[in-house]
Amino acid sequence: MTSELVRDEEQDTLLRVEDLAMRFPIRGRGLFARTSGYVHAVNNVSLSVRPGEVLGLVGESGCGKTTLGRCIVRSIQPTEGHLYYREEDGGVVDLAPMTNRELRPYQQKIRVIFQDPFSSLNPRMTILQIVGDPLRASGIARGSELEDRVATILRKVGLSPGHMHRYPHAFSGGERQRVNIARALIAEPRLVIADEAVSALDVSVRAQILNLLRELQEEFDLTYLFISHDMSVVESLCNRVAVMYLGKIVELAETEQLYRDPQHPYTEALLSAVPRPDPRLRGSGRRIRLSDNFPDPADPPSGCFFHTRCRYADEDRCVRERPELRAVDGEHLSACHHAERLTLTSSFGHTT
Ligand SMILES: Nc1ncnc2c1ncn2[C@@H]1O[C@H](COP(=O)(O)OP(=O)(O)O)[C@@H](O)[C@H]1O
Ligand code: SF4
Ligand SMILES: [Mg+2]
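Residues numbered from 1 in each chain as written. Chains lettered and ligands numbered in written order. Predicted model: local features only at pLDDT ≥ 70, side-chain atom pairs only at ≥ 80, totals over all residues. Heavy atoms only, no water.

Student: Report on the packing of aromatic side chains, specifying residues and quantitative values.
Tutor: Inspection of the entire model under this criterion finds six aromatic pairs. Connected via pairs of aromatic rings, a cluster forms that spans Y245, Y266, F294 and F306. Geometry around F305 places K248 over its ring, the cationic atom sitting 5.8 Å from the centre. (Phe/Tyr/Trp six-rings, centres within 6.5 Å; stacked < 30°, edge-to-face > 60°. Lys NZ or Arg CZ within 6 Å of the ring centre and 35° of its normal.)

Student: So what's going on with the sheet that holds strand β5 (residues 92-94)? Which residues, and what values?
Tutor: Strands pair in a sheet through their backbones, by hydrogen bonds, and they do so in one of two ways: parallel or antiparallel. Pairing within the open sheet is antiparallel, and its four strands lie in the order β2-β1-β4-β5. The sheet terminates laterally at β2 (35-49) and β5, the two strands that pair on one side only. Across the sheet, the mean angle from the axis of one strand to that of its neighbour is 25 degrees, orientation sign disregarded. As paired elements, strand β4 (residues 80-86) and β5 share three bridges and run antiparallel to each other. Bridge assignment links R86 to a residue of β5, and that residue is V92. (Pairing = 2+ DSSP bridges. Helix = DSSP H or I, 4+ residues; strand = E, 2+ residues; numbered from the N terminus. Axes fitted to C-alpha atoms, helices over the stretch in contact; angles between N-to-C directions.)

Student: If you had to explain the packing of helix α6 (residues 173-185) against helix α7 (residues 203-220) to someone new, which residues and values would you point to?
Tutor: Interaxial distance between α6 and α7 falls to 10 Å at its minimum, and their mutual angle equals 20 degrees. Taken together, the axis directions place α6 and α7 in an arrangement best described as roughly parallel. For α6 against α7, the interelement crossing comes out right-handed. Judged by residue contacts, G174, Q177, R178, I181 and L185 of α6 engage V205, Q208, I209, L212, L213, L216 and F220 from α7. (Parallel < 35°, antiparallel > 145°, perpendicular 65-115°, else oblique. Left-handed = near helix turned anticlockwise from the far one by under 90°. Contact = heavy atoms within 4.5 Å.)

Student: Residue-level account of the site of ligand 1, with values.
Tutor: All residues in the neighbourhood of ligand 1 are listed as F24, V39, A41, E60, S61, G62, C63, G64, K65, T66, T67 and P297. Between ligand 1 and T66 there is a distance of 2.8 Å, counted from an oxygen atom to a side-chain nitrogen or oxygen. For ligand 1, whose free accessible area comes to 560 Å², the fraction covered by protein is 64%. If you tally residues by element for the shell around ligand 1, the top one is helix α2 (residues 65-72), at three residues. In the shell around ligand 1, the residues fall into five nonpolar, five polar and two charged. (Near = heavy atom within 4 Å. Polar contact = N/O pair within 3.5 Å; in protein donor to acceptor, adjacent residues only side chain to side chain. Areas by Shrake-Rupley, 256 points an atom, 1.4 Å probe, with all protein chains shown as cover. Nonpolar A, V, L, I, M, F, W, Y, C, P; charged D, E, K, R; others polar.)

Student: Run through the pattern of salt bridges, naming residues and quoting values.
Tutor: Within this structure, the stated rule accounts for 16 salt bridges. A salt bridge links E80 to R23; its shortest N-O distance comes to 2.8 Å. With a gap of 57 residues between them, E80 in strand β4 and R23 in strand β1 (residues 15-27) connect regions that are remote in the sequence. Classification of R23 as partly exposed rests on a relative accessible area of 24%. For E340, the salt bridge goes to R326, with nearest N and O atoms at 2.9 Å. With E340 in the segment after β12 (332-334) and R326 in strand β11 (residues 326-329), the pair connects residues that are 14 residues apart, well separated along the chain. (Salt bridge = Lys/Arg side-chain N within 4 Å of Asp/Glu carboxyl O. Buried < 20%, exposed > 50% of the residue type's maximum accessible area, 1.4 Å probe, protein only.)

Student: So what's going on with the nonpolar core? Residues and values would help.
Tutor: Counting residues in hydrophobic clusters, the biggest one holds 62 residues, and the most contacted among them are V131, I181 and F226. Residue contributions to this core peak at six residues, all from α7. Aside from chain neighbours lying at most four places away, what touches V131 is V150, I153, L154, V179, A182, R183 and I186. With 33 residues, the next largest nonpolar core counts M22, C63, I76 and V93 among its residues. (Core = buried A, V, L, I, M, F, W, Y, C linked by side-chain atoms within 4.5 Å.)

Student: I'd like to hear about the sheet that holds β11, residue by residue, with values.
Tutor: Ordered by their spatial adjacency, eight strands build an open sheet running β6-β7-β8-β3-β9-β10-β12-β11, and the pairing between neighbours is mixed. The open sheet has two edge strands with one neighbour each: β6 (110-113) and β11. Taken pair by pair, the neighbouring strands of this sheet meet at an average axis angle of 25 degrees, ignoring direction. One ladder, built from four bridges, connects β6 with strand β7 (residues 191-195); its direction is parallel. Along β7, the bridge assignment pairs I110 with L191. On the sheet, α2 packs against β3 (54-58), β6, β7, β8 (223-227) and β9 (240-245) and is oriented at approximately 155 degrees with respect to β7. Along the sheet face, α7 touches β3, β6 and β8 and points at about 155 degrees away from the line of β8.

Pasting the structure below:
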């Protein structure tokens, strides 16, 4: 698809990821070692992010979520594919092939909030330096104007501006994550990628940070790509959800639809593993045990990538033919040959 088509057909798209692939070379040991293969971390992913939505990206650890996020913010360059980004004036640019210099005008528009509030802040920098860095680096503000803007954003994330001369060690995990959020938002991005942004936090702090993310989204008209391995957190925050397995999107739908009526066996298994505190819900779904043998992304299985762990796999199509992500019910997409034939279960959305 050319950027021309994106412009015409998808006016409601902020970012269109098209056929994106990321392969990391595996090198042998030694100074002049040859590349012995590739880790297929992201395999031909296509998806659209709509302005103002929270799009969830879920899947087990190692399935390629972070790598996809890093390609989108262009901290790494994808091996193949396109990242069509719609600018404020409606024009569309492809970020994928851009050099660092060409990327500069877009760097503040797409920002990331990382998982670990402890290792992601430089211990030798003050909060003012950390949070103000994107403004200074891009020449947007300096001196007292920069301090004013840092003070404003600190207030927005629930921190006291009086603490801006302190160092990260003086803050708790939840406060550090607020610092991370302030740094991501200070230069007024349009798309924020939150990569496991609440996964390292205690349950009570997690709820506060999720609320903060919701409030900030409303106030600043933000769009989120919310990456998480936690199905319950994703359900509570996201409008739509994409499920990833071995570098591919295997299901994509409105959150309510995906949780109530999954159309891919992998999603069914992920949902069945979610602990439900309500005893009325506990009995209604069987726990589907996924075997631990996650396939090697350097040597993915034939046919459907999930066939080695899927309880519905057949010897014929599933083993031989790679399923495409396709519409099975309106805008509900699934990459399972047998989606229409299977009756998958979920304990979500059947009571109340
Ligand atoms: N820089 C890298 N070099 C080589 N392999 C990598 C690199 N980054 C990630 N990978 C591999 O890519 C796969 C996907 O990793 P990742 O994107 O971190 O998954 P997730 O965020 O879903 O846990 C994993 O097999 C991981 O080991
Ligand atoms: S295509 Fe076959 S192996 Fe893949 S998810 Fe569907 S039933 Fe399972
Ligand atoms: Mg990750």
